[in-house]
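Below are the chains, spelled out letter by letter.
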Amino acid sequence: MPRIVVDPVTRIEGHLRIEAEVDNDTISTAWSAGTMFRGIELIIQGHDPREAWYWMQRICSVCTVVHGLASVRAVEDALQIEVPENARLVRNLIAGSQMIQDHVVHFYHLGALDWVDVTGVLKADPVKTAQLAASISDWPKAGAGHFTAVKDRVKALVDSGQLSLFTNGYWGHPAYKLPPEADLLAVSHYLDALEFQRDFIRIHAVLGGKNPHPQSFLVGGMSTAMDPNSPEAVINPERIDFLRERVQRAREFVDQVYLPDLLAIAPFYPEWTQVGEGVGNFLAYGGYPEGSIHDPSRYFMPRGIILDRDLSTVHPFTPDKVTEYVSRSWYAYTGGDEKARAPYEGETDPNYTGPEPPYKFLNVEDKYSWLKAPRYDNKAMEVGPLARLLVAYASGHKQAKAIVDSTLSTLKLPATALFSTLGRIAARALETKLFVDQMGVWLERLADNLSSGNLEIHNGALWDPATWPKSARGFGPHEAPRGSLGHWVEIENRLVKHYQVVAPTTWNGGPRDTSGQPGPYEAALPKTRLADPSRPLEILRTIHSFDPCLACAVHVLDGRGRRYTHLDPL
Amino acid sequence: MSAPDWDLVETLERNGYSRRDFLTFCTKMAAVLGLPAASAVEIAEALETKRRPVMVWLEFQDCAGNTESMLRASHPTIAQLVLDRFSWEYHETIMAAAGEEAEKALHSAITQNKGQYVAVVEGSIPLGNPGYCTIGGRSSLDIAREVCTDAATVIAIGACAWDGGLVSCSPNPTGAVGLEEALPGLDIVNLGGCPHNVADTAAVLVHWLTYNRMPALDSYHRPLFAYGSIIHDQCERRAHYDAGEFVEHWGDEGHRQGWCLYKMGCKGPHATYNCPTVRWNEQTSWPIKGGQNCFACASHRFWDTMSPFYRRLPDVPGFGADVSAGEIGGAFVVGVAAATTAHAIVSAVRSRLRKGDEHESPTITSPDQIKEVRHAQDRGGSRDED
């Protein structure tokens, strides 16, 4: 059977390779492989756990923030530290803005070019484009003059013979279905979204000093000192106003650009509500606490599990049922690779047995990826916006239920349409709406605390490592843009003894396990028909719908006690 | 000073920004680069008249932090860089093409523009096993060698591409190294930082477009304008240090009043970068303004040399309110003389000014010498006008 390879899968973070067997232009089997490995969990051993967040944050910068947050939570869980309400709000604001910015960038800059033919712009009529724009939204940058300028800009690019980032796209591919005016509208919004994300993420500069890699996390709270009367305080009334303005602009962008674009583009691709389902099991650790992190009942995004597409039951989640296989991954477990291990007991030794580069194909019958294969109660699970939205919907989350029902009704689709490539893309947009609305709630609560004199931002009772127990271990969960993220840390003699990360893309993009059960990417591709197997645009559509992040997904710890002694933190 | 060609107005408007915006940008670039104001006109003319050079951006063992930083570019914006200034023909994270088509784009970019394109490298390169990072079935080292060897200029962007960064920290599981160690002998410009600050990268690219060469570099091959000054000396909280006003606990009165973070472990006195002046995200803030320590992320091998990040830097004689700023800055630098970035930069400038020899590294032993070298840096920053 002919084998096709997509490597590099671009418009993602990191290095992902897809191999697929094609039978009569239809994918019969697929393999997902992460092709890069660094070993950051090994590197963190022996360091001060209070600074682990700063190291772990470097796992990924597209998902900047999320590993920092999961790391401080893991250490706080180990040491039983509760953070003040203000720190919780600031964390929610930082993580919430990350969610919004990341989803917008995914839709316009990473995913859109799978559905929008940039060269279609040349055939578009700017006047008709303006009419189309006016029919779906009040967004102001929508006049015929504006669209003429955008079209001229694309034309100048094409005429120059230097297509820049658009070089060698699958332009003209028969799977592109949008009318030229919709192409022009989308390209215009591609540029608007670039501007939007750049301005919006200044929230991270205010609350974290910079982005990427904001720098305000602390075990026990945040470094964002609050004072209503100090111009030098990180959070003061002037900064609150600055944040309010960005949150308001985000609401406008999502309401007037992102959601209308989704609703305008989706009807041209109805078949994509039938393709790309995946494993049918969905996991959400839940997050964005409104109270203690130890009280999941007060999470803004609920915790739970859905099995076999059954939305009538939300099963409870317990961290103990998370395990990882390496039987098809380039690692070795002592005592054999067949049995899965839980993160606290996890061990890994990198053991590359793949082909010597340069190679044409991986040996997919053996080990073939740097990703491990995480399982929950031995089942492959999908994580991410769709999983979160389904868990919220099935849990009776008011806002989630309202927006899902109204969107399905507008598009005249049944709920089962969500189990698809397009469902994943839609869930991401709908979730963004939930977050732009909630950001305002968190921000006003912070503003109230600032004006009422509740200024506590850090719980320093256990900042001094001399106050710590000799050993402790903790779990730090977070719902990152791409899905459920967990950090597991073990501390001994004031230093990190053991560290493990199970990241969203490890769940979604991982390889087969010992029983041959495929991961969600691998399960989502079969049965997809390729209009032109030499230009497998359809593979990109489904894989991009998961929003892969490979830097996050590949990790390693060393459970065999190999450690190096580091400087004492004090 | 002659006015630039007015024909460019049409181009500017077509590209979605006003002539005033454009000239403002050129003036800012001149300022960041430490060039005289009149250079703004040269920059404007160069940017408007030249055919777009080809850019290829490689990613190896990276977190895409430097890519994300580029997406935050404001003057020029990433859209202007990608669509108007360079033909950005390969960049995995944002390019349209995938798989074989992406590899073809890379191949034609480097073969059709041999010796003329800009190569940017992000992430470290694993020498431990070629299987630790492959793209299209090829090893990182093979790709880096093929692409960088024939480039007009090579930029290693971010800490990992410069010196191996976090990935190469002990026990360095993959044998990761920076680009200059992976490809010895190659002429590379290093833009350290975790991640790099896009204001500096944009300035470097603009300098190259305008003058067809890189700005003045230090012995680490980093642009002096960005890496030549100590953070502590540029810090807005410096007066509190001199006055003996320190944050003692996170969230305390001093923290709320923006006092000095030295006692919390701030590495500003050992770090060089223009972070406090160019700042981040359209000059909105920088880490110390966010209430957190500087972790010296633009310093050479900072992960190994600056951690534990919350431990106070070694005590300095006279530390406190009664010592002048210059003495303290000097004492800190001398305290870590042999290996620190500051020392190396300083040495490089001195050497250059004397005889243009980049390899000699005189030892600095007194605050007076530091002052002398600071003057040298000031002069070094504007050497490009000649």
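No experiment lies behind these values; they were computed from the predicted model shown.

Caption draft 1: View of the overall build of chain A. Within chain A one finds 16 helices and 14 strands. On C-alpha atoms alone, chain A measures out to a radius of gyration of 24 Å, which is about the 25 Å that the 2.2 N^0.38 rule sets for 570 residues. When the backbone C-alpha atoms are referred to their principal axes, chain A occupies close to 70 × 65 × 50 Å. Taking all 570 residues of chain A together, 61% fall into the buried category. Within chain A, counting contacts between residues at least 6 apart in sequence, those at least 24 apart form 75% of the total.

Caption draft 2: Summary view of the packing of helix α10 (residues 385-394) of chain A against helix α12 (residues 421-452) of chain A. Residue and element names in this part refer to chain A. Running from N to C, α10 and α12 cross one another at 70 degrees; their axes reach a closest spacing of 8 Å. Regarding the angle of α10 to α12, the classification is roughly perpendicular. Taken as a pair, α10 and α12 cross one another with a handedness that is left-handed. Contacts between α10 and α12 involve Pro385, Leu386, Arg388 and Leu389 from the first element and Gly423, Arg424, Ala427, Arg428, Leu430 and Glu431 from the second.

Caption draft 3: Region of interest: the environment of Val167 of chain B. Of note, Val167 of chain B is situated in the loop between α8 (158-163) and β8 (176-177). When the C-alpha positions of Val167 of chain B and Gln61 of chain B are compared, they lie 7.6 Å apart, and in sequence the two are 106 residues distant. In contact with Val167 of chain B, other than residues within four places in its own chain, are Arg38 of chain A together with Gln61, Ser124, Cys160, Thr174 and Ala176 of chain B.

Caption draft 4: Broad picture of the nonpolar core. Among the nonpolar cores identified, the biggest contains 298 residues, and Phe282 and Leu390 of chain A together with Val56, Ala119 and Val121 of chain B are the most heavily contacted of them. The element best represented in this core is α12 of chain A, accounting for 14 residues. The residues contacting Phe282 of chain A, other than those within four sequence positions of it, are Ile305, Ile306, Met381, Glu382, Leu386, Ala387, Leu390 and Val391 of chain A.

Caption draft 5: Geometry of the confidence of the model for chain B. Residues and elements named next belong to chain B. Taken over all residues, the pLDDT of chain B has a mean of 81, while the share at 70 or more is 76%. Taken together, the stretch residues 1-9 has pLDDT below 50 and engages in nine contacts with residues farther than four places along the chain or on a different chain. Throughout residues 316-386 the model reports pLDDT below 50, and contacts reaching past four residues in sequence, or to other chains, amount to 104 contacts. Interface confidence for the predicted complex, expressed as ipTM, amounts to 0.95; the pTM equals 0.89.

Caption draft 6: Layout of the sheet that holds strand β14 (residues 495-502) of chain A. Residues and elements named next belong to chain A. Taken together, three strands build an open sheet; the order of strands is β12-β13-β14 and the sheet is antiparallel. With one partner strand each, in any of the chains shown, β12 (471-480) and β14 form the two edges of the open sheet. On average, adjacent strands in this sheet sit at an angle of 15 degrees to one another, irrespective of strand direction. Pairing between β12 and strand β13 (residues 483-492): ten bridges, direction antiparallel. Each bridged residue has a counterpart across the sheet, and for Gly476 the counterpart in β13 is His487.

Caption draft 7: Layout of the pairing of strand β11 (residues 373-376) of chain A. All names here are of chain A. Burial along β11 is two-sided: Ala373 and Arg375 facing one way and Pro374 and Tyr376 facing the other are all buried. As paired elements, strand β10 (residues 322-325) and β11 share four bridges and run antiparallel to each other. Directly across from Tyr325, in β11, lies its bridge partner Ala373.

Caption draft 8: Highlighting helix α4 (residues 85-111) of chain A. Between the first and last C-alpha of α4 of chain A there are 36 Å, a value that for 27 residues agrees with the 39 Å anticipated at 1.5 Å per step. Across the 27 residues that make up α4 of chain A, a large majority, 25, are buried.

Caption draft 9: Expanded view of the interface of chain A and chain B. Contact with chain A, which involves 86 residues of that partner, is made by 79 residues of chain B. Secondary structure elements with two or more residues in the side of chain A that touches chain B: β1 (3-6), α1 (40-44), α2 (52-56), α6 (144-160), α7 (180-200) and α8 (202-208) of chain A. Tallying contributions element by element places α6 of chain A first for the side of chain A that touches chain B, with five residues. Taken together, the residues of the side of chain A that touches chain B break down into 43 nonpolar, 26 polar and 17 charged.

Caption draft 10: Focus on the sheet that holds strand β3 (residues 26-34) of chain A. Residues and elements named next belong to chain A. Pairing in this open sheet of three strands is antiparallel, and the strands run β1-β2-β3 from one edge to the other. At either margin of the open sheet sits one strand with a lone partner, and together these are β1 and β3. Looking at each pair of strands side by side, their axes are set apart by 20 degrees on average, direction ignored. Both strand β2 (residues 16-23) and β3 contribute to a ladder of eight bridges, which runs antiparallel. Paired with Asp23 across the two strands is Thr26, which belongs to β3.

Caption draft 11: View of the environment of Cys169 of chain B. Within the secondary structure layout, Cys169 of chain B lies in the loop between α8 and β8. Cys169 of chain B sits in the buried class, given 21 other C-beta atoms within 10 Å. Placed 133 residues apart in sequence, Cys169 of chain B and Phe302 of chain B show a C-alpha to C-alpha distance of 9.8 Å. In this structure Cys169 of chain B touches Ile43 of chain A together with Trp303 and Asp304 of chain B, once residues within four positions along its chain are discounted.

Criteria and thresholds
Residues numbered from 1 in each chain as written. Chains lettered and ligands numbered in written order. Predicted model: local features only at pLDDT ≥ 70, side-chain atom pairs only at ≥ 80, totals over all residues. Helix = DSSP H or I, 4+ residues; strand = E, 2+ residues; numbered from the N terminus. Rg over C-alpha atoms; globule rule 2.2 N^0.38 Å. Buried ≥ 20, exposed ≤ 12 C-beta atoms within 10 Å, placed from the backbone. Contact = placed C-beta atoms within 7 Å. Axes fitted to C-alpha atoms, helices over the stretch in contact; angles between N-to-C directions. Parallel < 35°, antiparallel > 145°, perpendicular 65-115°, else oblique. Left-handed = near helix turned anticlockwise from the far one by under 90°. Core = buried A, V, L, I, M, F, W, Y, C linked by C-beta atoms within 7 Å. pLDDT = per-residue confidence, 0-100. Pairing = 2+ DSSP bridges. Expected span 1.5 Å × (residues − 1). Nonpolar A, V, L, I, M, F, W, Y, C, P; charged D, E, K, R; others polar.

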